[in-house]
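Listed here are the chains, written in short residue letters.
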Amino acid sequence: MADLVDERSYGTSNVKRGLADMLRGGVIMDVVTPAQAKVAEDAGAVAVMALERVPADIRRDGGVARMSDPEMIKGIQEVVTIPVMAKARIGHFAEAQILQALRVDYVDESEVLTPADEAHHIDKWAFTVPFVCGATSLGEALRRIGEGACMIRSKGEAGTGNIVEAVRHLRCILGEIRRLTTLGEAERYAAAKDLQAPLALVAEVAMTGKLPVPLFCAGGIATPADAALVRQLGAEAVFVGSGIFKSSDPERMARAIVEATTHFDDADLIAKISTGLGPAMRGDEISTLNERLADRGW
Amino acid sequence: MRVGVLALQGDVSEHRAALADLGVDSSPVRSVAELDGVDAMVLPGGESTAIAHLLVTSGLLGPLESRLRQGMPAFGTCAGLVLLASSITDGRPDQPALGLLDVTVLRNGYGRQVASFESSSELAGGVRVPTVFIRAPRITEAGDGVEVLATIDVGDGAHPVLVRQGAVLGASFHPELTPDRTVHALFVDLASASRSAVHK
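Computed from a predicted model, the values in this text were never measured in an experiment.

**Q** Can you walk me through the overall build of chain A in this structure?
**A** What chain A contains, in helices and strands, is 13 helices and 9 strands. Rg of the C-alpha trace for chain A: 19 Å, near the compact-globule value of 19 Å for 298 residues, within the 12% margin. For chain A, the C-alpha atoms occupy an extent of roughly 55 × 55 × 45 Å along the three principal directions. Long-range pairs, those at least 24 residues apart, make up 67% of the contacts in chain A between residues at least 6 apart in sequence. As displayed, chain A offers around 11,900 Å² of accessible surface, 50% of which is attributable to carbon and sulfur atoms. With 33 positive and 42 negative side-chain charges, chain A shows a separation of 2 Å between the mean positions of the two kinds.

Here it is, written out as C-alpha coordinates:
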(Lines give C-alpha, C1' and ligand atoms only; values in the text may rest on other atoms or scores of the structure.)
Protein backbone atom coordinates (compact mmCIF):
# COMPACT_ATOMS: atom_id res chain seq x y z
CA MET A 1 0.00 0.00 0.00
CA ALA A 2 2.84 2.37 0.85
CA ASP A 3 3.75 2.97 -2.78
CA LEU A 4 0.19 3.95 -3.74
CA VAL A 5 0.13 7.70 -4.34
CA ASP A 6 -3.22 9.47 -4.14
CA GLU A 7 -4.55 10.85 -7.43
CA ARG A 8 -4.64 14.61 -7.79
CA SER A 9 -6.22 17.06 -10.28
CA TYR A 10 -4.69 20.49 -10.76
CA GLY A 11 -6.17 23.73 -12.08
CA THR A 12 -9.80 22.65 -11.58
CA SER A 13 -12.56 25.27 -11.24
CA ASN A 14 -12.87 24.39 -7.53
CA VAL A 15 -9.19 25.08 -6.99
CA LYS A 16 -9.08 28.25 -9.13
CA ARG A 17 -12.31 29.82 -7.84
CA GLY A 18 -11.42 28.56 -4.37
CA LEU A 19 -8.42 30.86 -4.09
CA ALA A 20 -10.69 33.81 -4.95
CA ASP A 21 -13.03 32.62 -2.15
CA MET A 22 -10.10 32.67 0.29
CA LEU A 23 -9.40 36.33 -0.54
CA ARG A 24 -12.95 37.47 0.27
CA GLY A 25 -13.23 40.21 2.86
CA GLY A 26 -9.62 41.21 2.20
CA VAL A 27 -7.54 43.85 0.47
CA ILE A 28 -5.26 43.21 -2.52
CA MET A 29 -2.63 45.93 -2.84
CA ASP A 30 -0.61 47.11 -5.86
CA VAL A 31 3.11 47.12 -5.07
CA VAL A 32 6.11 48.04 -7.23
CA THR A 33 9.00 46.96 -4.96
CA PRO A 34 9.73 44.19 -2.42
CA ALA A 35 9.77 46.86 0.32
CA GLN A 36 6.22 47.94 -0.59
CA ALA A 37 5.16 44.27 -0.65
CA LYS A 38 6.38 43.91 2.94
CA VAL A 39 4.45 47.03 3.97
CA ALA A 40 1.33 45.50 2.38
CA GLU A 41 1.77 42.13 4.10
CA ASP A 42 2.50 43.81 7.46
CA ALA A 43 -0.70 45.83 7.10
CA GLY A 44 -2.81 42.67 6.65
CA ALA A 45 -3.17 42.53 2.85
CA VAL A 46 -4.50 39.16 1.59
CA ALA A 47 -2.45 39.39 -1.62
CA VAL A 48 -0.26 41.79 -3.58
CA MET A 49 -0.35 42.75 -7.26
CA ALA A 50 3.25 43.02 -8.48
CA LEU A 51 3.67 45.65 -11.19
CA GLU A 52 6.29 48.11 -12.41
CA ARG A 53 4.21 51.26 -12.14
CA VAL A 54 0.97 51.92 -10.27
CA PRO A 55 -1.90 52.96 -12.56
CA ALA A 56 -1.56 56.66 -11.64
CA ASP A 57 2.01 56.60 -12.99
CA ILE A 58 1.08 54.58 -16.08
CA ARG A 59 -1.56 57.21 -16.79
CA ARG A 60 0.97 60.04 -16.27
CA ASP A 61 3.83 58.45 -18.25
CA GLY A 62 1.86 57.28 -21.27
CA GLY A 63 3.47 54.87 -23.77
CA VAL A 64 2.77 51.13 -24.01
CA ALA A 65 2.26 49.45 -20.63
CA ARG A 66 3.30 45.77 -20.61
CA MET A 67 3.71 42.81 -18.26
CA SER A 68 6.27 43.48 -15.50
CA ASP A 69 9.89 42.34 -15.64
CA PRO A 70 10.06 38.78 -14.20
CA GLU A 71 12.95 39.93 -12.03
CA MET A 72 10.74 42.32 -10.06
CA ILE A 73 7.95 39.73 -9.76
CA LYS A 74 10.43 37.15 -8.40
CA GLY A 75 11.84 39.74 -5.99
CA ILE A 76 8.37 40.26 -4.55
CA GLN A 77 7.60 36.50 -4.42
CA GLU A 78 10.75 36.08 -2.32
CA VAL A 79 9.79 38.52 0.43
CA VAL A 80 6.11 37.77 1.10
CA THR A 81 4.19 34.58 1.98
CA ILE A 82 0.78 35.87 0.77
CA PRO A 83 -0.36 35.28 -2.85
CA VAL A 84 1.37 37.33 -5.55
CA MET A 85 -0.67 38.40 -8.58
CA ALA A 86 0.58 40.03 -11.78
CA LYS A 87 -0.99 41.67 -14.82
CA ALA A 88 -1.02 40.53 -18.45
CA ARG A 89 -2.28 42.67 -21.35
CA ILE A 90 -5.79 41.92 -22.62
CA GLY A 91 -5.49 39.08 -25.17
CA HIS A 92 -1.73 38.62 -24.61
CA PHE A 93 -1.72 34.90 -23.84
CA ALA A 94 2.07 34.69 -24.18
CA GLU A 95 2.51 37.14 -21.30
CA ALA A 96 0.05 35.01 -19.32
CA GLN A 97 2.06 31.86 -20.14
CA ILE A 98 5.18 33.57 -18.80
CA LEU A 99 3.37 34.62 -15.60
CA GLN A 100 2.19 31.02 -15.13
CA ALA A 101 5.77 29.79 -15.67
CA LEU A 102 6.83 32.27 -12.94
CA ARG A 103 4.22 30.57 -10.72
CA VAL A 104 2.33 33.75 -9.87
CA ASP A 105 -0.84 32.91 -7.92
CA TYR A 106 -3.36 34.90 -10.00
CA VAL A 107 -3.16 36.64 -13.40
CA ASP A 108 -5.06 39.90 -13.89
CA GLU A 109 -5.94 40.29 -17.58
CA SER A 110 -6.02 44.02 -17.16
CA GLU A 111 -7.22 47.10 -19.00
CA VAL A 112 -4.57 49.06 -17.04
CA LEU A 113 -2.01 47.65 -19.49
CA THR A 114 -2.17 48.41 -23.21
CA PRO A 115 -4.41 45.80 -24.92
CA ALA A 116 -2.67 43.31 -27.26
CA ASP A 117 -5.74 42.00 -29.12
CA GLU A 118 -8.73 44.04 -30.28
CA ALA A 119 -11.10 41.08 -30.66
CA HIS A 120 -10.13 38.26 -28.30
CA HIS A 121 -9.51 38.07 -24.60
CA ILE A 122 -7.26 35.23 -23.39
CA ASP A 123 -8.75 31.70 -23.39
CA LYS A 124 -8.38 31.32 -19.67
CA TRP A 125 -9.59 27.69 -19.54
CA ALA A 126 -6.27 26.73 -21.14
CA PHE A 127 -4.33 27.72 -18.00
CA THR A 128 -3.65 26.13 -14.60
CA VAL A 129 -3.17 29.56 -13.03
CA PRO A 130 -6.49 31.34 -12.30
CA PHE A 131 -7.46 34.70 -13.85
CA VAL A 132 -9.24 37.81 -12.63
CA CYS A 133 -10.81 40.15 -15.20
CA GLY A 134 -12.42 43.57 -15.03
CA ALA A 135 -16.04 44.27 -15.97
CA THR A 136 -18.29 47.30 -16.22
CA SER A 137 -21.58 45.40 -16.66
CA LEU A 138 -23.10 41.96 -16.10
CA GLY A 139 -22.79 40.99 -19.77
CA GLU A 140 -19.08 41.80 -19.74
CA ALA A 141 -18.61 39.87 -16.46
CA LEU A 142 -20.36 36.78 -17.88
CA ARG A 143 -18.36 36.91 -21.12
CA ARG A 144 -15.16 36.86 -19.06
CA ILE A 145 -16.48 33.99 -16.90
CA GLY A 146 -17.41 32.17 -20.12
CA GLU A 147 -13.74 32.51 -21.17
CA GLY A 148 -12.66 31.01 -17.83
CA ALA A 149 -12.19 33.98 -15.46
CA CYS A 150 -12.43 32.81 -11.82
CA MET A 151 -12.85 36.22 -10.21
CA ILE A 152 -14.51 39.40 -11.50
CA ARG A 153 -13.60 42.90 -10.37
CA SER A 154 -15.18 46.19 -11.30
CA LYS A 155 -12.92 48.12 -13.66
CA GLY A 156 -13.53 51.48 -12.04
CA GLU A 157 -11.18 54.08 -13.47
CA ALA A 158 -7.71 52.98 -12.36
CA GLY A 159 -5.19 55.54 -11.16
CA THR A 160 -7.70 58.33 -10.58
CA GLY A 161 -8.41 57.95 -6.86
CA ASN A 162 -12.01 58.61 -7.90
CA ILE A 163 -14.54 55.99 -6.79
CA VAL A 164 -17.42 57.11 -9.01
CA GLU A 165 -16.74 54.70 -11.90
CA ALA A 166 -16.33 51.65 -9.64
CA VAL A 167 -19.64 52.53 -7.97
CA ARG A 168 -21.29 52.77 -11.38
CA HIS A 169 -19.92 49.36 -12.41
CA LEU A 170 -20.90 47.64 -9.16
CA ARG A 171 -24.40 49.12 -9.18
CA CYS A 172 -24.79 48.11 -12.82
CA ILE A 173 -23.60 44.49 -12.32
CA LEU A 174 -25.59 43.94 -9.10
CA GLY A 175 -28.68 45.70 -10.47
CA GLU A 176 -28.66 43.55 -13.61
CA ILE A 177 -28.28 40.42 -11.45
CA ARG A 178 -31.34 41.45 -9.40
CA ARG A 179 -33.30 42.07 -12.59
CA LEU A 180 -32.41 38.60 -13.95
CA THR A 181 -33.82 36.94 -10.82
CA THR A 182 -37.22 38.50 -11.53
CA LEU A 183 -37.51 37.04 -15.06
CA GLY A 184 -39.55 34.02 -16.02
CA GLU A 185 -37.59 31.10 -17.47
CA ALA A 186 -38.93 31.86 -20.95
CA GLU A 187 -37.53 35.40 -20.71
CA ARG A 188 -33.93 34.31 -20.12
CA TYR A 189 -33.19 33.73 -23.81
CA ALA A 190 -33.83 37.35 -24.73
CA ALA A 191 -31.93 38.46 -21.63
CA ALA A 192 -28.90 36.43 -22.79
CA LYS A 193 -29.17 38.06 -26.21
CA ASP A 194 -29.39 41.56 -24.69
CA LEU A 195 -26.49 40.90 -22.32
CA GLN A 196 -24.46 39.22 -25.11
CA ALA A 197 -23.65 36.53 -22.58
CA PRO A 198 -23.75 32.70 -22.58
CA LEU A 199 -27.28 31.40 -21.89
CA ALA A 200 -26.13 28.80 -19.36
CA LEU A 201 -24.44 31.49 -17.25
CA VAL A 202 -27.46 33.80 -17.53
CA ALA A 203 -29.70 30.96 -16.32
CA GLU A 204 -27.32 30.20 -13.44
CA VAL A 205 -27.26 33.83 -12.28
CA ALA A 206 -31.06 34.06 -12.61
CA MET A 207 -31.44 31.04 -10.32
CA THR A 208 -28.75 31.84 -7.71
CA GLY A 209 -28.96 35.65 -7.66
CA LYS A 210 -25.18 35.97 -7.72
CA LEU A 211 -22.20 35.59 -10.02
CA PRO A 212 -20.74 32.07 -10.18
CA VAL A 213 -17.37 33.56 -9.08
CA PRO A 214 -16.51 36.19 -6.42
CA LEU A 215 -17.15 39.86 -7.29
CA PHE A 216 -14.45 42.25 -6.06
CA CYS A 217 -14.07 46.01 -6.48
CA ALA A 218 -11.15 47.78 -8.17
CA GLY A 219 -10.47 51.22 -9.54
CA GLY A 220 -10.38 54.46 -7.56
CA ILE A 221 -10.36 53.31 -3.92
CA ALA A 222 -8.38 55.95 -1.98
CA THR A 223 -9.77 56.00 1.59
CA PRO A 224 -11.19 53.66 4.26
CA ALA A 225 -14.60 55.21 3.53
CA ASP A 226 -14.28 54.22 -0.15
CA ALA A 227 -13.61 50.62 0.92
CA ALA A 228 -16.62 50.66 3.27
CA LEU A 229 -18.82 52.12 0.51
CA VAL A 230 -18.09 49.42 -2.07
CA ARG A 231 -18.29 46.61 0.52
CA GLN A 232 -21.74 47.83 1.57
CA LEU A 233 -22.75 48.00 -2.09
CA GLY A 234 -21.89 44.29 -2.41
CA ALA A 235 -18.20 43.97 -3.36
CA GLU A 236 -16.70 40.94 -1.58
CA ALA A 237 -13.14 42.32 -1.40
CA VAL A 238 -11.19 45.32 -2.70
CA PHE A 239 -8.17 45.97 -4.88
CA VAL A 240 -6.27 49.15 -4.02
CA GLY A 241 -3.91 50.39 -6.70
CA SER A 242 -2.47 53.86 -6.41
CA GLY A 243 -4.51 54.74 -3.29
CA ILE A 244 -2.01 53.40 -0.76
CA PHE A 245 1.44 54.25 -2.03
CA LYS A 246 0.32 57.63 -3.46
CA SER A 247 -1.05 58.68 -0.06
CA SER A 248 0.95 60.71 2.46
CA ASP A 249 1.31 57.84 4.98
CA PRO A 250 1.12 54.50 3.10
CA GLU A 251 1.61 52.26 6.16
CA ARG A 252 -1.26 53.83 8.05
CA MET A 253 -3.48 54.09 4.99
CA ALA A 254 -2.89 50.40 4.22
CA ARG A 255 -3.82 49.33 7.77
CA ALA A 256 -6.86 51.61 7.80
CA ILE A 257 -8.20 50.29 4.49
CA VAL A 258 -7.71 46.68 5.67
CA GLU A 259 -9.71 47.38 8.85
CA ALA A 260 -12.43 49.27 6.99
CA THR A 261 -12.81 46.40 4.50
CA THR A 262 -13.45 43.89 7.32
CA HIS A 263 -15.56 46.16 9.58
CA PHE A 264 -17.29 47.88 6.65
CA ASP A 265 -20.58 48.40 8.48
CA ASP A 266 -19.07 49.79 11.72
CA ALA A 267 -19.09 53.56 11.16
CA ASP A 268 -17.78 54.34 14.67
CA LEU A 269 -14.70 52.25 14.04
CA ILE A 270 -14.14 53.66 10.55
CA ALA A 271 -14.48 57.21 11.94
CA LYS A 272 -11.73 56.36 14.43
CA ILE A 273 -9.31 54.85 11.91
CA SER A 274 -9.96 57.67 9.41
CA THR A 275 -8.97 60.33 11.94
CA GLY A 276 -5.63 62.05 11.25
CA LEU A 277 -4.73 59.74 8.35
CA GLY A 278 -3.23 62.62 6.36
CA PRO A 279 -4.06 63.47 2.76
CA ALA A 280 -5.23 60.65 0.49
CA MET A 281 -3.91 60.60 -3.09
CA ARG A 282 -4.88 63.77 -4.94
CA GLY A 283 -7.06 62.12 -7.58
CA ASP A 284 -8.62 63.19 -10.86
CA GLU A 285 -12.04 64.36 -11.98
CA ILE A 286 -13.17 61.81 -14.61
CA SER A 287 -14.20 64.49 -17.15
CA THR A 288 -10.60 65.78 -17.28
CA LEU A 289 -9.13 62.41 -18.41
CA ASN A 290 -7.68 62.01 -21.90
CA GLU A 291 -8.23 58.26 -21.89
CA ARG A 292 -10.76 56.05 -20.11
CA LEU A 293 -9.02 52.74 -19.27
CA ALA A 294 -12.40 51.14 -18.54
CA ASP A 295 -13.25 51.39 -22.25
CA ARG A 296 -10.53 48.83 -23.01
CA GLY A 297 -11.84 45.27 -23.37
CA TRP A 298 -15.39 44.38 -24.36
CA MET B 1 -26.04 25.19 19.94
CA ARG B 2 -24.91 28.21 17.97
CA VAL B 3 -21.69 27.98 15.99
CA GLY B 4 -19.71 31.16 15.31
CA VAL B 5 -17.73 31.52 12.10
CA LEU B 6 -14.76 33.86 12.42
CA ALA B 7 -15.68 36.48 9.80
CA LEU B 8 -12.65 38.75 9.63
CA GLN B 9 -11.72 37.51 6.17
CA GLY B 10 -11.99 34.32 4.09
CA ASP B 11 -14.62 31.81 2.95
CA VAL B 12 -17.11 32.46 5.75
CA SER B 13 -20.31 31.96 3.73
CA GLU B 14 -19.33 28.45 2.56
CA HIS B 15 -18.90 27.30 6.16
CA ARG B 16 -22.22 28.86 7.16
CA ALA B 17 -23.93 27.14 4.22
CA ALA B 18 -22.41 23.79 5.25
CA LEU B 19 -23.64 24.23 8.84
CA ALA B 20 -27.09 25.29 7.61
CA ASP B 21 -27.27 22.09 5.51
CA LEU B 22 -26.81 20.16 8.76
CA GLY B 23 -29.53 22.16 10.51
CA VAL B 24 -27.05 24.04 12.73
CA ASP B 25 -27.48 27.75 13.51
CA SER B 26 -24.43 29.90 12.85
CA SER B 27 -23.48 33.53 13.10
CA PRO B 28 -20.49 35.56 11.90
CA VAL B 29 -17.99 36.67 14.56
CA ARG B 30 -16.07 39.91 14.09
CA SER B 31 -16.24 41.31 17.62
CA VAL B 32 -15.95 40.20 21.25
CA ALA B 33 -19.69 40.69 21.76
CA GLU B 34 -20.41 38.33 18.85
CA LEU B 35 -17.93 35.79 20.27
CA ASP B 36 -19.78 35.84 23.61
CA GLY B 37 -22.96 34.66 21.88
CA VAL B 38 -21.62 31.41 20.41
CA ASP B 39 -20.92 27.91 21.77
CA ALA B 40 -18.35 26.70 19.22
CA MET B 41 -16.16 28.31 16.56
CA VAL B 42 -15.20 27.66 12.97
CA LEU B 43 -11.99 29.29 11.79
CA PRO B 44 -12.39 29.42 8.01
CA GLY B 45 -9.99 29.39 5.09
CA GLY B 46 -8.39 32.65 4.08
CA GLU B 47 -4.96 34.20 4.41
CA SER B 48 -3.65 33.23 7.85
CA THR B 49 -1.39 36.32 8.12
CA ALA B 50 -4.29 38.66 7.33
CA ILE B 51 -6.67 36.89 9.73
CA ALA B 52 -3.99 36.93 12.46
CA HIS B 53 -3.47 40.67 11.89
CA LEU B 54 -7.22 41.33 12.10
CA LEU B 55 -7.53 39.18 15.25
CA VAL B 56 -5.12 41.60 16.91
CA THR B 57 -6.62 44.86 15.59
CA SER B 58 -10.19 43.75 16.42
CA GLY B 59 -9.23 42.84 20.01
CA LEU B 60 -10.49 39.28 19.44
CA LEU B 61 -7.23 37.39 19.86
CA GLY B 62 -7.16 37.32 23.69
CA PRO B 63 -10.87 36.55 24.24
CA LEU B 64 -10.87 33.88 21.48
CA GLU B 65 -7.76 32.22 22.89
CA SER B 66 -9.25 32.22 26.37
CA ARG B 67 -12.57 30.67 25.19
CA LEU B 68 -10.65 27.99 23.29
CA ARG B 69 -8.47 27.20 26.32
CA GLN B 70 -11.66 26.78 28.39
CA GLY B 71 -12.61 23.97 26.01
CA MET B 72 -14.83 25.62 23.41
CA PRO B 73 -15.10 23.22 20.41
CA ALA B 74 -13.39 24.55 17.28
CA PHE B 75 -12.87 23.57 13.65
CA GLY B 76 -10.17 25.17 11.50
CA THR B 77 -9.73 24.67 7.76
CA CYS B 78 -6.53 25.69 5.94
CA ALA B 79 -5.74 29.13 7.44
CA GLY B 80 -7.90 28.12 10.41
CA LEU B 81 -5.71 25.04 10.94
CA VAL B 82 -2.62 27.28 10.83
CA LEU B 83 -4.12 29.47 13.59
CA LEU B 84 -4.96 26.43 15.79
CA ALA B 85 -1.53 24.76 15.39
CA SER B 86 1.12 24.74 18.10
CA SER B 87 3.96 25.54 15.72
CA ILE B 88 4.14 27.25 12.31
CA THR B 89 7.04 26.77 9.90
CA ASP B 90 7.63 29.56 7.37
CA GLY B 91 5.06 31.87 8.94
CA ARG B 92 5.61 35.46 9.98
CA PRO B 93 7.56 35.76 13.25
CA ASP B 94 4.67 37.70 14.84
CA GLN B 95 2.02 35.18 13.70
CA PRO B 96 0.08 33.75 16.68
CA ALA B 97 -0.08 29.96 17.04
CA LEU B 98 -2.95 29.29 19.44
CA GLY B 99 -1.65 25.80 20.23
CA LEU B 100 -5.00 24.02 20.49
CA LEU B 101 -3.76 21.30 18.15
CA ASP B 102 -0.34 19.83 18.91
CA VAL B 103 0.80 19.87 15.29
CA THR B 104 3.52 21.62 13.30
CA VAL B 105 2.33 23.07 10.00
CA LEU B 106 4.35 24.28 7.04
CA ARG B 107 2.56 27.20 5.39
CA ASN B 108 2.02 26.75 1.64
CA GLY B 109 3.50 23.31 2.22
CA TYR B 110 2.32 21.90 -1.11
CA GLY B 111 3.53 24.91 -3.15
CA ARG B 112 2.07 28.00 -4.78
CA GLN B 113 -1.36 28.22 -6.45
CA VAL B 114 -0.42 26.31 -9.64
CA ALA B 115 0.36 23.34 -7.34
CA SER B 116 -3.09 23.52 -5.66
CA PHE B 117 -5.12 20.36 -6.28
CA GLU B 118 -8.24 18.29 -5.66
CA SER B 119 -8.15 14.72 -4.44
CA SER B 120 -10.02 12.49 -1.98
CA SER B 121 -9.13 10.84 1.32
CA GLU B 122 -10.52 7.90 3.23
CA LEU B 123 -11.71 8.35 6.80
CA ALA B 124 -11.75 5.54 9.36
CA GLY B 125 -14.75 3.37 8.52
CA GLY B 126 -14.02 3.61 4.81
CA VAL B 127 -15.92 6.79 3.93
CA ARG B 128 -14.14 8.77 1.20
CA VAL B 129 -14.36 12.56 1.32
CA PRO B 130 -13.42 14.97 -1.47
CA THR B 131 -10.47 17.18 -0.57
CA VAL B 132 -9.62 20.58 -2.09
CA PHE B 133 -6.13 21.88 -1.27
CA ILE B 134 -5.47 25.58 -2.01
CA ARG B 135 -1.99 26.89 -1.18
CA ALA B 136 -2.56 24.51 1.71
CA PRO B 137 -0.58 24.16 4.92
CA ARG B 138 1.10 20.78 5.35
CA ILE B 139 1.04 19.00 8.70
CA THR B 140 4.65 17.92 9.18
CA GLU B 141 4.45 16.69 12.79
CA ALA B 142 1.62 15.59 15.07
CA GLY B 143 1.99 15.04 18.83
CA ASP B 144 0.91 11.93 20.75
CA GLY B 145 -2.39 13.46 21.84
CA VAL B 146 -3.45 14.10 18.24
CA GLU B 147 -5.69 11.64 16.43
CA VAL B 148 -5.04 11.45 12.68
CA LEU B 149 -8.41 11.01 10.91
CA ALA B 150 -7.23 11.16 7.28
CA THR B 151 -3.97 11.24 5.34
CA ILE B 152 -2.76 11.89 1.81
CA ASP B 153 0.27 10.75 -0.13
CA VAL B 154 1.53 13.16 -2.78
CA GLY B 155 4.55 11.02 -3.63
CA ASP B 156 6.67 11.37 -0.50
CA GLY B 157 4.74 9.24 1.97
CA ALA B 158 1.37 9.52 3.70
CA HIS B 159 0.95 12.45 6.09
CA PRO B 160 -2.06 13.82 8.05
CA VAL B 161 -4.63 16.16 6.46
CA LEU B 162 -7.43 15.87 9.05
CA VAL B 163 -6.63 15.78 12.77
CA ARG B 164 -8.48 15.92 16.08
CA GLN B 165 -7.44 16.73 19.63
CA GLY B 166 -10.28 16.76 22.15
CA ALA B 167 -13.08 18.89 20.72
CA VAL B 168 -10.77 20.64 18.24
CA LEU B 169 -10.72 19.55 14.60
CA GLY B 170 -8.29 20.76 11.94
CA ALA B 171 -8.18 20.17 8.17
CA SER B 172 -5.48 21.29 5.78
CA PHE B 173 -8.08 21.07 2.98
CA HIS B 174 -11.44 22.80 2.41
CA PRO B 175 -14.47 20.53 3.01
CA GLU B 176 -16.62 23.69 2.81
CA LEU B 177 -15.83 24.07 -0.91
CA THR B 178 -17.50 20.75 -1.82
CA PRO B 179 -21.12 19.61 -1.36
CA ASP B 180 -19.98 16.71 0.87
CA ARG B 181 -20.90 17.40 4.51
CA THR B 182 -19.14 14.45 6.18
CA VAL B 183 -16.39 16.51 7.85
CA HIS B 184 -18.72 19.27 9.05
CA ALA B 185 -21.05 16.60 10.48
CA LEU B 186 -18.05 15.15 12.32
CA PHE B 187 -17.40 18.57 13.88
CA VAL B 188 -21.03 19.11 14.82
CA ASP B 189 -21.05 15.69 16.56
CA LEU B 190 -17.82 16.53 18.41
CA ALA B 191 -19.15 19.91 19.49
CA SER B 192 -22.52 18.49 20.64
CA ALA B 193 -20.84 15.68 22.60
CA SER B 194 -18.46 18.14 24.22
CA ARG B 195 -21.34 20.40 25.24
CA SER B 196 -23.44 17.63 26.75
CA ALA B 197 -20.36 16.41 28.69
CA VAL B 198 -19.95 19.93 30.11
CA HIS B 199 -23.64 20.27 31.00
CA LYS B 200 -23.81 16.92 32.83
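Still more to cover.
**Q** I tried to follow the pattern of salt bridges on my own but got confused; where do I start?
**A** If the charged atoms of two oppositely charged side chains come close together, the side chains can form a pair. All names here are of chain A. Applying the stated criterion to the full structure yields 31 salt bridges over all chains. Residue R153 pairs with E111 through a salt bridge whose shortest N-O separation is 3.0 Å. Residue R153 is located in strand β7 (residues 151-154), and its partner E111 is located in the loop between β5 (106-110) and β6 (131-135); the two are separated by 42 residues in the primary sequence. With a relative accessible area of 3%, R153 lands in the buried category. Connected through shared salt-bridge partners, R53, D57, R60, D61 and K246 make up one network.

**Q** Can you help me understand the pairing of strand β1 (residues 2-6) of chain B in this one?
**A** Looking along a regular strand, one sees the side chains alternate between the two faces of the sheet. Residue and element names in this part refer to chain B. Most of β1 is tucked away: 4 of the 5 residues are buried. The pairing of β1 with strand β2 (residues 25-29) spans 5 bridges and is parallel. Each bridged residue has a counterpart across the sheet, and for V5 the counterpart in β2 is P28. Following the backbone out of β1, through helix α1 (residues 12-21) and into the adjacent parallel β2, one traces a crossover that is right-handed.

**Q** I would appreciate a short explanation of helix α5 (residues 93-101) of chain A in the present structure.
**A** Count 3.6 residues to each turn of an α-helix, and residues three or four apart come out pointing the same way. All names here are of chain A. Turning to α5, its buried residues number three or more, namely E95, A96 and L99. Seen end-on, α5 carries its buried residues on one side only, within an arc spanning 100 degrees. Two residues or fewer past α5, R103 is found with a positive phi of approximately 60 degrees.

**Q** I keep staring at the interface of chain B and chain A and nothing clicks. Help me out?
**A** By a frequent convention, interface size equals the accessible area lost on bringing the separate parts together. Residue-level contacts link 43 residues of chain B with 47 residues of chain A. Contact between chain B and chain A buries roughly 3,500 Å² in total, counting both sides, with carbon and sulfur atoms accounting for 51%. Summed over the shared surface of chain B and chain A, the result is 4 salt bridges. Residue D265(A) pairs with R30(B) through a salt bridge whose shortest N-O separation is 3.1 Å. One can count 24 residue pairs in polar contact (both at pLDDT 80 or more) joining chain B with chain A. Examining the composition of the side of chain B that touches chain A, we find that 5 residues originate from one element, helix α3 (residues 48-57) of chain B, more than from any other. Tallied by class, residues from the side of chain B that touches chain A come to 14 nonpolar, 16 polar and 13 charged. Relative to strand β7 (residues 117-122) of chain B, strand β1 (residues 9-10) of chain A runs antiparallel, the two sharing 2 bridges.

**Q** I keep staring at empty space enclosed by the protein and nothing clicks. Help me out?
**A** A water-sized probe, rolled over the atoms, reveals where empty space remains. Across all of its chains, the model carries 2 cavities of 30 Å³ or more by this definition. Lining the largest cavity are 24 residues, and of these P55(A), A158(A), A218(A), G219(A) and G241(A) lie nearest its centre. Elements with a contribution of two residues or more to the lining of the largest cavity: β5, β9 (238-240) and α11 (242-245) of chain A. Residue classes in the lining of the largest cavity are distributed as 9 nonpolar, 9 polar and 6 charged. Volume-wise, the second largest cavity comes out at about 120 Å³. In terms of lining residues, the second largest cavity is bounded by 15 residues, among which G46(B), E47(B), C78(B), N108(B) and R135(B) are the most central.

Rules of the game
Residues numbered from 1 in each chain as written. Chains lettered and ligands numbered in written order. Predicted model: local features only at pLDDT ≥ 70, side-chain atom pairs only at ≥ 80, totals over all residues. Heavy atoms only, no water. Helix = DSSP H or I, 4+ residues; strand = E, 2+ residues; numbered from the N terminus. Rg over C-alpha atoms; globule rule 2.2 N^0.38 Å. Contact = heavy atoms within 4.5 Å. Areas by Shrake-Rupley, 256 points an atom, 1.4 Å probe, with all protein chains shown as cover. Lys, Arg positive; Asp, Glu negative; His and termini not counted. Charge placed at Lys NZ, Arg CZ, Asp CG, Glu CD. Salt bridge = Lys/Arg side-chain N within 4 Å of Asp/Glu carboxyl O. Buried < 20%, exposed > 50% of the residue type's maximum accessible area, 1.4 Å probe, protein only. Pairing = 2+ DSSP bridges. Right-handed = clockwise from strand over helix to strand, strands pointing away. Arc of directions from axis to C-beta. Buried area = accessible area lost by both parts, 1.4 Å probe. Polar contact = N/O pair within 3.5 Å; in protein donor to acceptor, adjacent residues only side chain to side chain. Nonpolar A, V, L, I, M, F, W, Y, C, P; charged D, E, K, R; others polar. 1 Å grid on protein atoms, 1.4 Å probe; cavity = no way out; pocket = protein on both sides within 12 Å on 5 of 7 lines; lining within 4 Å. Points joined across faces, edges and corners; volume = space filled by probe spheres on them.

Geometry only, nothing functional implied.
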